[in-house]
Amino acid sequence: KKGARVFMWEEVNGFWVRKALIRSEVEDEWYEFAPSQRSFDPVKNEWDLCKPLDSKADVPDNGEYDDDDDD
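Residues numbered from 1 in each chain as written. Predicted model: local features only at pLDDT ≥ 70, side-chain atom pairs only at ≥ 80, totals over all residues. Heavy atoms only, no water.

The chain appears in an unreviewed UniProt entry as Calreticulin from Favolaschia claudopus.

Structure representation (C-alpha coordinates):
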(Lines give C-alpha, C1' and ligand atoms only; values in the text may rest on other atoms or scores of the structure.)
Protein backbone atom coordinates (compact mmCIF):
# COMPACT_ATOMS: atom_id res chain seq x y z
CA LYS A 1 0.00 0.00 0.00
CA LYS A 2 2.10 2.82 -1.30
CA GLY A 3 0.80 6.34 -1.17
CA ALA A 4 1.32 9.73 0.33
CA ARG A 5 1.81 9.97 4.06
CA VAL A 6 -0.77 12.10 5.87
CA PHE A 7 -0.17 14.26 8.92
CA MET A 8 -2.68 16.12 11.07
CA TRP A 9 -1.86 19.21 13.10
CA GLU A 10 -3.41 19.33 16.58
CA GLU A 11 -3.24 22.01 19.24
CA VAL A 12 -1.82 20.59 22.46
CA ASN A 13 -1.29 22.88 25.45
CA GLY A 14 -1.03 25.94 23.20
CA PHE A 15 1.42 24.34 20.75
CA TRP A 16 0.69 22.92 17.30
CA VAL A 17 1.88 19.32 17.04
CA ARG A 18 2.17 17.38 13.79
CA LYS A 19 0.84 13.84 14.15
CA ALA A 20 1.31 11.10 11.55
CA LEU A 21 -1.92 9.29 10.75
CA ILE A 22 -2.06 5.57 10.12
CA ARG A 23 -3.91 4.48 6.96
CA SER A 24 -7.10 3.54 8.81
CA GLU A 25 -7.27 7.02 10.42
CA VAL A 26 -6.89 8.94 7.18
CA GLU A 27 -10.38 8.22 5.89
CA ASP A 28 -11.91 9.21 9.25
CA GLU A 29 -10.01 12.50 9.46
CA TRP A 30 -9.71 13.60 5.81
CA TYR A 31 -13.26 14.94 5.44
CA GLU A 32 -13.04 16.89 8.70
CA PHE A 33 -10.88 19.37 6.77
CA ALA A 34 -11.88 21.69 3.93
CA PRO A 35 -9.78 21.51 0.76
CA SER A 36 -8.15 24.82 1.77
CA GLN A 37 -7.02 23.17 5.01
CA ARG A 38 -5.15 20.40 3.18
CA SER A 39 -1.65 21.01 1.88
CA PHE A 40 0.33 18.64 -0.34
CA ASP A 41 4.14 18.55 -0.59
CA PRO A 42 4.95 16.73 -3.85
CA VAL A 43 8.67 16.53 -3.06
CA LYS A 44 8.06 14.58 0.17
CA ASN A 45 4.79 13.03 -1.08
CA GLU A 46 3.01 14.15 2.11
CA TRP A 47 -0.27 15.77 3.02
CA ASP A 48 -0.76 18.10 5.99
CA LEU A 49 -4.25 18.56 7.42
CA CYS A 50 -4.28 21.80 9.37
CA LYS A 51 -7.32 23.89 10.39
CA PRO A 52 -5.29 27.14 10.86
CA LEU A 53 -4.40 27.09 7.13
CA ASP A 54 -7.92 28.47 6.65
CA SER A 55 -9.61 28.89 10.02
CA LYS A 56 -12.78 30.34 8.46
CA ALA A 57 -13.31 27.52 5.96
CA ASP A 58 -16.56 25.65 5.93
CA VAL A 59 -16.06 21.91 5.91
CA PRO A 60 -18.41 20.56 3.24
CA ASP A 61 -20.93 17.90 4.22
CA ASN A 62 -19.76 14.89 2.27
CA GLY A 63 -22.59 12.62 3.31
CA GLU A 64 -20.32 10.54 5.51
CA TYR A 65 -21.69 9.09 8.74
CA ASP A 66 -21.43 11.52 11.63
CA ASP A 67 -21.67 10.55 15.32
CA ASP A 68 -24.17 13.41 15.79
CA ASP A 69 -26.58 11.63 13.42
CA ASP A 70 -27.52 9.25 16.25
CA ASP A 71 -29.65 11.89 18.02
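J.: Please clarify how the environment of Ser36 should be interpreted in this entry.
T.: Residue position: Ser36 is located in the loop between α1 (23-30) and β3 (38-41). Given a relative accessible area of 35%, Ser36 falls into the partly exposed group. When the C-alpha atoms of Ser36 and Asp54 are compared, they prove to be 6.1 Å apart, with 18 residues separating the residues in sequence. Not counting the four nearest positions on each side in its chain, Ser36 is found in contact with Leu53, Asp54 and Ala57. For Ser36, the side chain forms a polar contact with the side chain of Asp54, separated by 2.6 Å. (Helix = DSSP H or I, 4+ residues; strand = E, 2+ residues; numbered from the N terminus. Buried < 20%, exposed > 50% of the residue type's maximum accessible area, 1.4 Å probe, protein only. Contact = heavy atoms within 4.5 Å. Polar contact = N/O pair within 3.5 Å; in protein donor to acceptor, adjacent residues only side chain to side chain.)

J.: Quick question: what am I supposed to make of the pattern of salt bridges here?
T.: Pairing is possible between side chains that carry opposite charge, provided their charged atoms lie close to one another. Enumeration according to the criterion identifies three salt bridges in this entry. We note a salt bridge from Arg18 to Asp48, for which the minimum N-O separation is 2.8 Å. Of this pair, Arg18 sits in strand β2 (residues 15-20) while Asp48 sits in strand β4 (residues 46-49), placing them 30 residues apart in sequence. Exposure remark for Asp48: the relative accessible area of 17% places this residue in the buried category. The closest approach of N and O atoms between Glu25 and Lys19, which form a salt bridge, is 3.8 Å. Given the relative accessible area of 24%, Glu25 is considered partly exposed. One connected set of salt bridges, linked through shared partners, spans Arg18, Glu46 and Asp48. (Salt bridge = Lys/Arg side-chain N within 4 Å of Asp/Glu carboxyl O.)

J.: Explain the pairing of strand β1 (residues 5-12) to me, please; I cannot follow it from the model alone.
T.: The two faces of the sheet receive side chains in turn, since in a regular strand these alternate between them. Sheet topology note: the β1/β4 ladder contains four bridges and is parallel. Bridge pairing in β4 links Phe7 to Asp48. In this sheet, β2 lies alongside β1 in antiparallel orientation, the contact comprising six bridges. Looking at β2, one finds that Phe7 is bridged to Ala20. (Pairing = 2+ DSSP bridges.)

J.: Looking at this structure, how should I read the packing of aromatic side chains?
T.: In this description, an aromatic ring pair is defined by two values, namely the gap between the centres and the angle between the planes. Applying the stated criterion to the full structure yields two aromatic pairs. Centroid distance Trp30 to Trp47: 5.0 Å. Interplanar angle 85°. Geometry classified as edge-to-face. Of this pair, Trp30 sits in helix α1 while Trp47 sits in strand β4, and the two are 17 residues apart along the sequence. Judged by its relative accessible area of 17%, Trp30 is buried. Between Phe40 and Trp47, the ring centres sit 5.0 Å apart and the planes meet at 45°, which makes this aromatic pair tilted. Its relative accessible area of 26% is what places Trp47 among the partly exposed residues. An aromatic cluster of three or more residues is present, and its members are Trp30, Phe40 and Trp47. The ring of Phe7 carries the charged tip of Arg18 above its face, separated from the ring centre by 3.6 Å. Sitting over the face of the ring of Phe33, Lys51 holds its NZ or CZ atom 4.5 Å from the ring centroid. (Phe/Tyr/Trp six-rings, centres within 6.5 Å; stacked < 30°, edge-to-face > 60°. Lys NZ or Arg CZ within 6 Å of the ring centre and 35° of its normal.)

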